[in-house]
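# Structural overview for review
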Amino acid sequence: MKQNSNWPQYLPTLLIQQIRLQWYKDCRGGNAAAQRNQYPKAMRLPKDFFSYYSFGLPTHCVSILQRPDGFQIDKDCRRLMEWKPNGTMRLHPFELIQQESGIQMRYRYDWHIGAMPERYTYDKTRQKQPLNELALDLIPGDYGRAVCNGRFRDWDTGIWYYVLDILNVMPLTEPTDSLTSFMDREPNKIYTQIDRLW
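Our subject in this report is the structure included herewith. Computed from a predicted model, the values in this text were never measured in an experiment.

Procedures and definitions
- Residues numbered from 1 in each chain as written.
- Predicted model: local features only at pLDDT ≥ 70, side-chain atom pairs only at ≥ 80, totals over all residues.
- Heavy atoms only, no water.
- Core = buried A, V, L, I, M, F, W, Y, C linked by side-chain atoms within 4.5 Å.
- Buried < 20%, exposed > 50% of the residue type's maximum accessible area, 1.4 Å probe, protein only.
- Helix = DSSP H or I, 4+ residues; strand = E, 2+ residues; numbered from the N terminus.
- Pairing = 2+ DSSP bridges.
- Axes fitted to C-alpha atoms, helices over the stretch in contact; angles between N-to-C directions.
- Contact = heavy atoms within 4.5 Å.
- Salt bridge = Lys/Arg side-chain N within 4 Å of Asp/Glu carboxyl O.
- Phe/Tyr/Trp six-rings, centres within 6.5 Å; stacked < 30°, edge-to-face > 60°.
- Lys NZ or Arg CZ within 6 Å of the ring centre and 35° of its normal.

### Observations regarding the nonpolar core
Counting residues in hydrophobic clusters, the biggest one holds 26 residues, and the most contacted among them are Ile16, Met89, Leu96, Met105 and Leu167. The biggest single contributor to this core is strand 11 (residues 160–171), with four residues.

Put into structure tokens, the structure is as follows:
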């Protein structure tokens, strides 16, 4: 994706927001699931999001924990991610790949991380392979959202927990410093990889 020479260097050409909503067994199903389904899938960017950065691409990272008494935001911050021309960026379980025409977003199941249920596909020789599929092809002006879920086991305690991962991506056609960019409109492209979590 080429950057216009008139584009201010302190403003990104790509907006990324990664939201992870986590809960435990005490919030499975019923009223807790209904509340979770109503929780916003896009959030306001942090106030320092467009401040100066000497390297990398600013990325909004949010971590939310659902408890029986409500939602608690554990992390809401800007991270600078390495993003080189024609490069890739991993935001588990997704991968962004820079293309001349825009951004390709892929879903990549990683069995090392341990999300259940497993997501596999089969190659031509009928060998089982971790799912790695194109989620979205985004051109400047698009607003894409990828959503997936999984069940994980804490390696220290053995306790199961559940996750809903949301990745909002917006390749820009013109500079912006709007903190409500992801809230001002609905995505025009959506990918889901949702399975039943036991």
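### Considering the sheet that holds strand 10 (residues 144–153)
In space, the six strands of this open sheet follow the order 3-2-1-11-10-12, with mixed pairing throughout. Unpaired on one side and paired on the other, strand 3 (70–81) and strand 12 (189–193) mark the two borders of the sheet. Each adjacent strand pair in this sheet contributes to an overall mean axis angle of 15 degrees, direction not counted. Bridge analysis of strand 1 (residues 14–24) against strand 11 gives 11 bridges, and the strand direction is antiparallel. Along strand 11, the bridge assignment pairs Ile16 with Val169. Those strands touched by helix 1 (residues 30–38) are strand 1, strand 2 (57–67) and strand 3, and its axis lies near 160 degrees from that of strand 2.

### Quick word on the sheet that holds strand 9 (residues 132–138)
With respect to topology, four strands assemble into an open sheet ordered 4-5-6-9, the strand pairing being antiparallel. Of all strands in the sheet, those bounded by a partner on one side alone are strand 4 (88–91) and strand 9. Direction aside, neighbouring strands of the sheet carry axes that sit 20 degrees apart on average. Pairing between strand 6 (residues 103–108) and strand 9: six bridges, direction antiparallel. Directly across from Gln104, in strand 9, lies its bridge partner Asp137.

### A look at the pattern of salt bridges
For the structure shown, the criterion picks out four salt bridges. Note that Glu95 is salt-bridged to Arg108, the shortest N-O span being 3.2 Å. One end of the pair, Glu95, is in strand 5 (residues 94–98); the other, Arg108, is in strand 6, with 13 residues separating them in the sequence. Judged by relative accessible area, which is 10%, Glu95 ranks as buried. Arg108 gets classed as partly exposed once you look at its relative accessible area, which sits at 26%. Across the pair Asp142 and Lys189 runs a salt bridge whose closest N-O atoms are separated by 3.0 Å. Here the residue Asp142 occupies a position in the loop between strand 9 and strand 10, and Lys189 occupies one in strand 12, the gap between them amounting to 47 residues.

### A few points about the packing of aromatic side chains
Within this structure, the stated rule accounts for eight aromatic pairs. Judged by centre distance (4.4 Å) and plane angle (40 degrees), the ring pair of Tyr39 and Phe71 falls under tilted. With a gap of 32 residues between them, Tyr39 in the loop between helix 1 and strand 2 and Phe71 in strand 3 connect regions that are remote in the sequence. Relative accessible area serves as the criterion here: at 18%, Tyr39 is assigned to the buried category. For Phe71, a relative accessible area of 29% translates into the label partly exposed. Among the aromatic residues, those joined into a cluster by ring pairs are Tyr24, Phe152 and Tyr161. The ring of Trp23 has Arg36 lying over it, and the distance from NZ or CZ to the ring centre is 3.8 Å. Between the NZ or CZ atom of Arg126 and the centre of the ring of Tyr122, over which it lies, the distance is 5.2 Å.

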